[in-house]
Amino acid sequence: MRTDHPSASTEAVDDPRPGVLMDWLRAARTGGVRLVERGETRLVPWSQVHQDVEALAAGLARRGVGPGDRIGIRGHNSYEWLALDLALLHLGAVPVAVPVPDFKGTSNAQVAARYGLAAMFAGKESRSGTDGPEVGALEQVLTEPAVEPVADPPAPEGEQVRVSDREVFTLAFSSGTAGRVKCLLLAWPGVQALVEAQSAAYPCGPEDRIMIALPLSTFQQRYLCYLAIRNGCEVIMTTAARMLPTLPLTKPTIMLGPPNFYEFVEKRYRNLDPDKRARLDAAAASAEQLPDAQARELRRSVFREFHDMYGGSLRLMLVGSAPVRPGMLEFFTHAGFELYQIYGMTEIGYLTWNRREGNRLGSVGTEVYPGTVRIGEDGEVLVQHQWHLCVGYEGESPEDTALVFRAADTIATGDIGEFDADGYLHLKGRKKNIIITTGGQKIQTEDLEAELCRPSSVHQAALFQVETGVLAAAAFYEGSEEQTRAAVLGAITQINSRLGTDLQIRHLALLEGALTPESPLLNRNLKINREAVRTAVADRLAPL
């Protein structure tokens, strides 16, 4: 295993303090937080953010918040959310980023007891009349952090299982397609190492505007804010539900998100009048004979209306968090977008990435830290290095923790993959989602869902088991129900012919309308939540 960091300076890697963020803030001469208010944008420079954070930290200290105190933040994206996070880190307190949808129906008192919080700052949508003085209004923290922290909060209810003695600087949560929430203990050294590695791999600076649309409770989004501070960039603060109208106003240059941040543009292209689509394709065909840079400019010119849907200034687009259809990647390349597939998880950060210098469609790229990713005997992707973000779980059993942390520096991802001859990693799906047919063939649930999405009218699909040997499919569509049903039934017939008689898709629910970012059937990373879908469509399943 490598012991040197591949891209960051020794000084940066050896600094284990999240307090270095204040040094970055103090040094930032460009960039800031761009907010959209009543149809107009406003920039809060990093210098002003620094002043606000200093004042907020002083106010929190007066209220009794100090090093090691766990303080919850529960609310939708806002300037106050980010300022509070930075102020808590400045004080040495431990921000606990409580995701709003994942804890719906759980009171602030219950969250505080479960995670041993001294106080909680909650948005309007997350407060109730039963809250005590230890719960403050998130939207008012910059005026006066009106909260009375519990002097001696109870110990967290869940068992803490750690694999490293590194200091925990924040608690984050992750949820997958099954919808079960995990509480992660994060340490700073891995975060800073990744900031330095990404700054080298995808340089960014004063002219860049990074879109923040997923919840800040998703650690990746907080990380992007730290990256922007480090490099003097702007961050555009919005939500997934408001992202589309925000794009033309803010003109982001860098975007990172799940496939559905991009699929709507490809859908518009696929739904064009065939003659218009043919004219665009013909106009872009001459790019094949040009050098890469000139080819991209020609394609951008031909497909200008699609670039304008993102504001017209995007120069870097990263996609991950869920399986990506090859057809989508091919369209974005064809249209002159610089869209690169990456691969990561909250426990590790980014494992692999594609870049302009090396991009292979269909792969998730080459290793972030060379020599650190390998394939286990059963095909599982394993990552071995000293810069993991996560140093353990809270509320998970030692047995479940051991399934992920195979050793102090080795994490099992749960994904099946393989490297090609040139070192690009190709993912085959989740280990737990493998279906073994009667003939011994291994099939991934994600691959079958992708087949169900092949009809142009189908936006999302979920496959889940309703009883032993019986699967059900839910497809979310727009357009003709009759044509969609015929196409989906054709795909199901093909799938059933491969599955074998002991496992068949026997039920189908067609649901009109694509899932929007605020849908409870998607998790915070906008991946489809199969368990939530199974519950929601139970009374709409029709036997086949």
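Residues numbered from 1 in each chain as written. Predicted model: local features only at pLDDT ≥ 70, side-chain atom pairs only at ≥ 80, totals over all residues. Heavy atoms only, no water.

## Let's talk about the packing of aromatic side chains
Heads up, the rule is: Pairing of aromatic side chains requires ring centres within 6.5 Å, counting the rings of Phe and Tyr and the six-membered ring of Trp. Pairs whose planes differ by under 30 degrees are stacked, by over 60 edge-to-face, and all others tilted. The helix count covers DSSP runs of H or I at least four residues long, the strand count covers runs of E at least two residues long, and both are numbered beginning at the N terminus. Buried, partly exposed and exposed residues are distinguished by accessible area as a fraction of the type maximum, computed with a 1.4 Å probe on protein chains only: under 20%, between the cut-offs, and over 50%, respectively.
By the definition in use, this model includes 25 aromatic pairs. Centre to centre, the rings of Tyr-202 and Trp-353 are 5.2 Å apart; their planes meet at 85 degrees, and the pair counts as edge-to-face. Placement of Tyr-202 in the loop between helix H6 (188-201) and strand S10 (209-212) and of Trp-353 in strand S15 (residues 349-353) is noted, with a sequence separation of 151 residues between them. Among the residues examined, Tyr-202 registers a relative accessible area of 7% and is labelled buried. Measuring from ring centre to ring centre gives 6.3 Å for Tyr-269 and Phe-306, while their planes differ by 75 degrees; the resulting arrangement is edge-to-face. Here Tyr-269 is found in helix H9 (residues 263-270), whereas its partner Phe-306 is found in helix H12 (residues 304-308), with 37 residues between them in sequence.

## Details of the sheet that holds strand S26 (residues 470-477)
Heads up, the rule is: When DSSP finds two or more bridges between a pair of strands, those strands are recorded as paired. Between two residues, a contact is recorded if the distance between any of their heavy atoms is within 4.5 Å. The convention used is that axes are lines fitted to C-alpha atoms, helices contributing only their stretch in contact, and that angles between N-to-C directions extend from 0 to 180 degrees.
Spatially, the 4 strands line up as an open sheet ordered S25-S26-S27-S28, and their pairing is mixed. At either end of the open sheet lies a strand with only one pairing partner, and these are strand S25 (458-467) and strand S28 (542-543). Strands S25 and S26 of the sheet are contacted by helix H15 (residues 445-452), whose axis makes an angle of about 130 degrees with S25. The strands touched by helix H16 (residues 481-499) are S25, S26 and strand S27 (504-512); relative to S27, the strand with the most contacts, the crossing angle is about 155 degrees.

## Structural notes on the pattern of salt bridges
Where side chains of opposite charge bring their charged atoms close, a pairing between them can arise. Definition in use: Salt bridges are defined by distance alone: a side-chain nitrogen of Lys or Arg within 4 Å of a carboxyl oxygen of Asp or Glu.
Here the structure, examined in full by the defined rule, presents 29 salt bridges. Between Glu-418 and Lys-428 there is a salt bridge, with its nearest N and O atoms 3.5 Å apart. Of the two residues, Glu-418 sits in strand S21 (residues 410-419) while Lys-428 sits in strand S22 (residues 425-430), which places them 10 residues apart along the sequence. A relative accessible area of 44% places Glu-418 in the partly exposed class. Under the relative-accessibility criterion, Lys-428 is labelled partly exposed at 37%. Here the residues in one salt-bridge network are Glu-263, Glu-266, Arg-270 and Arg-325, joined through shared partners.

## Brief notes about unusual backbone geometry
If you check the backbone angles, Arg-38 has positive phi at about 50 degrees while not being a glycine. The residue Arg-38 is located in the loop between strand S1 (32-37) and strand S2 (40-45) in this model. Judged by its relative accessible area of 82%, Arg-38 falls in the exposed class. The backbone phi angle of Lys-251 is positive, close to 50 degrees, even though this residue is not glycine.

## A word on empty space enclosed by the protein
Where we set the bar: Of the two site types, the cavity is a set of points on a 1 Å grid over the protein atoms alone where a 1.4 Å probe fits but cannot get out, and the pocket is an open set with protein on both sides within 12 Å along at least five of seven lines, each lined by residues with an atom within 4 Å of a point. Grid points are joined across faces, edges and corners, and a volume is the space filled by probe spheres set on the points. Three categories are distinguished: nonpolar for Ala, Val, Leu, Ile, Met, Phe, Trp, Tyr, Cys and Pro, charged for Asp, Glu, Lys and Arg, and polar for the others, with Gly belonging to the last.
Scanning the entire structure with this criterion turns up 3 cavities of 30 Å³ or more. Here the largest cavity is characterised by a volume of approximately 70 Å³. Forming the walls of the largest cavity are Gln-198, Tyr-202, Cys-204, Ile-210, Leu-224, Leu-227, Ile-254, Leu-256, Leu-316 and Leu-318. Secondary-structure elements contributing two or more residues to the lining of the largest cavity are helix H7 (219-231), strand S12 (254-257) and strand S13 (316-319). Looking at side-chain class alone, the lining of the largest cavity contains 9 nonpolar, 1 polar and no charged residues.

## Topic: the packing of helix H2 (residues 20-27) against helix H3 (residues 46-62)
Put simply, the test is: By definition in this entry, angles of less than 35 degrees are roughly parallel, angles greater than 145 are roughly antiparallel, angles of 65 to 115 are roughly perpendicular, and the rest are oblique.
Relative to each other, H2 and H3 sit at 135 degrees, their axes nearing to 8 Å. Overall, the two elements H2 and H3 adopt an arrangement that is oblique. Two secondary-structure elements touch here, H2 through Met-22, Leu-25 and Arg-26 and H3 through Trp-46, Val-49, His-50, Val-53 and Glu-54. Here the contact of H2 with H3 is built from residues that sort into 5 nonpolar, 1 polar and 2 charged.

## Examining H16
The test is simple: How far a helix is expected to stretch is found by multiplying one less than its residue total by 1.5 Å. For this analysis, a polar contact is any N or O atom pair within 3.5 Å, provided that within protein one partner can donate a hydrogen and the other can accept it, and provided that sequence-adjacent residues contribute only side-chain to side-chain pairs.
When the terminal C-alpha atoms of H16 are compared, their 26 Å separation across 19 residues agrees well with the 27 Å that a helix rising 1.5 Å per residue should span. One side-chain oxygen at the N-terminal end of H16 lies 3.5 Å from the backbone nitrogen of Glu-482; it belongs to Ser-480. Among the residues trailing H16, Gly-500 stands out with phi positive, at a value near 100 degrees.

## Re the confidence of the model for the chain
To be explicit about the condition: Confidence of the predictor in every single residue is expressed as pLDDT, which spans 0 to 100.
Counting all residues, the mean pLDDT for the chain is 90, and 95% of those residues have values of 70 or more. Below a pLDDT of 50 lies the segment residues 1-15, which in the model reaches 28 contacts outside its immediate sequence neighbourhood of four places, other chains included.

## Re the side chain of Arg-209
Our working rule: His is not counted here, nor are the chain ends, while Lys and Arg score as positive and Asp and Glu score as negative.
When you line up the elements, Arg-209 lands in strand S10. No salt bridge is formed by the buried Arg-209. Its closest oppositely charged neighbour is Glu-234, at 4.9 Å. Once residues lying within four places of it in the same chain are set aside, the contact partners of Arg-209 are Glu-234, Ile-236, Thr-250, Lys-251, Pro-252, Thr-253, Ile-254 and Ser-313.

## Examining the environment of Ala-532
The residue Ala-532 is located in helix H17 (residues 530-536) in this model. Sequence separation of Ala-532 and Leu-522 is 10 residues, and the distance between their C-alpha atoms is 8.1 Å. Once residues within four sequence positions are removed from consideration, Ala-532 is found in contact with Pro-520 and Leu-521.

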